[in-house]
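# Architecture at a glance
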Amino acid sequence: MDNTDPFAPNYPAPTAMRPLLGLTVLVIEDSRYACEALRLLCLRSGARIRRADTLRAARRHLQVYRPSVAVIDVGLPDGNGADLIRELSTSNRRPDVILGTSGDDDNEALVTKAGADGYLSKPVISLATFQDQILSNLPRDRHPTDPRAVPEEIIQPDPIAFRDDMAHVADVMEEAGDTRTLDYVAQFLGGVARSADDSELALATELLAARRARGGSAASEAATVAGLVQRRLASKIAI
């Protein structure tokens, strides 16, 4: 008697070298640099990747596809990623694994409360950490059957993606000068700077964020950040 369920998902079998084979990862992330790191991590792990850079784009995607894994950045241009985590965590089309990510580790409690299965602290560059966060939240029958060596590889995204992020911020700062824009710039650039190990830019964005938190004028801090962004765009080697 054949007890095979004909409607059961037919996943390619994961292997020790490609432990995420058969998974589709939806990355909801507005930073090209951070997304490039996740693309490389998926590639090394055997997973397919799809990308959305706003909550609106993510929701359109989720109306059509059900990813195996959703990696959701907290700070997005059109809202807080924790809101989407909360929606997905109770949806009947819930991904198998929901991970929150941020450059500010104070957000770990936020995404956990919203219903995330785990948290990835930026920069997300460790292959072992990435794989372990996903595998630890998958049922055992979705794991490789062979023993898996813990990979030591650290991902190095293409510096061109960093320059793309600088160009994005330059456009944002030029086209809009309201306070909400500055809050987004501080959040976005802070994560990118930490991911790229750019301490000068990270410090400038921290000062901008601190000034905004105190409610005062941040014109001087914003001008400093804008100047640093332009310097990186003018350089042939951004980082």
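In this report, we go over the structure that sits alongside the text. No experiment lies behind these values; they were computed from the predicted model shown.

Throughout the structure, instances matching the rule amount to 2 aromatic pairs. Plain terms: the ring middles of Tyr33 and Phe162 are 5.9 Å apart, the flat faces sit at 80° to each other, and that makes the pair edge-to-face. Residue Tyr33 is found in helix α1 (residues 32-45), and its partner Phe162 is found in helix α6 (residues 159-175); the two are separated by 129 residues along the sequence. A single burial state applies to Tyr33 and to Phe162, both of which are buried. Their ring planes at 35° and their centres at 5.7 Å tell us that Tyr184 and Phe188 sit as a pair that is tilted.

Once that is clear, we can look at the sheet that holds strand β6 (residues 97-102). Read from one edge to the other, the open sheet built from 5 strands follows the order β2-β1-β3-β6-β7, with strand pairing classed as parallel. With partners counted over all chains shown, the strands left at the sheet margins are β2 (48-52) and β7 (118-121), one partner each. Neighbour-to-neighbour, the strand axes of this sheet turn through a mean angle of 20°, independent of strand direction. Relative to β2, strand β1 (residues 24-28) runs parallel, the two being bridged by 5 bridges. Bridge assignment links Val25 to a residue of β2, and that residue is Ile49. This element, α1, spans β1, β2 and β3 (69-73) of the sheet and lies at about 165° to β2.

Analysis parameters
- Residues numbered from 1 in each chain as written.
- Predicted model: local features only at pLDDT ≥ 70, side-chain atom pairs only at ≥ 80, totals over all residues.
- Heavy atoms only, no water.
- Phe/Tyr/Trp six-rings, centres within 6.5 Å; stacked < 30°, edge-to-face > 60°.
- Helix = DSSP H or I, 4+ residues; strand = E, 2+ residues; numbered from the N terminus.
- Buried < 20%, exposed > 50% of the residue type's maximum accessible area, 1.4 Å probe, protein only.
- Pairing = 2+ DSSP bridges.
- Axes fitted to C-alpha atoms, helices over the stretch in contact; angles between N-to-C directions.
- Contact = heavy atoms within 4.5 Å.

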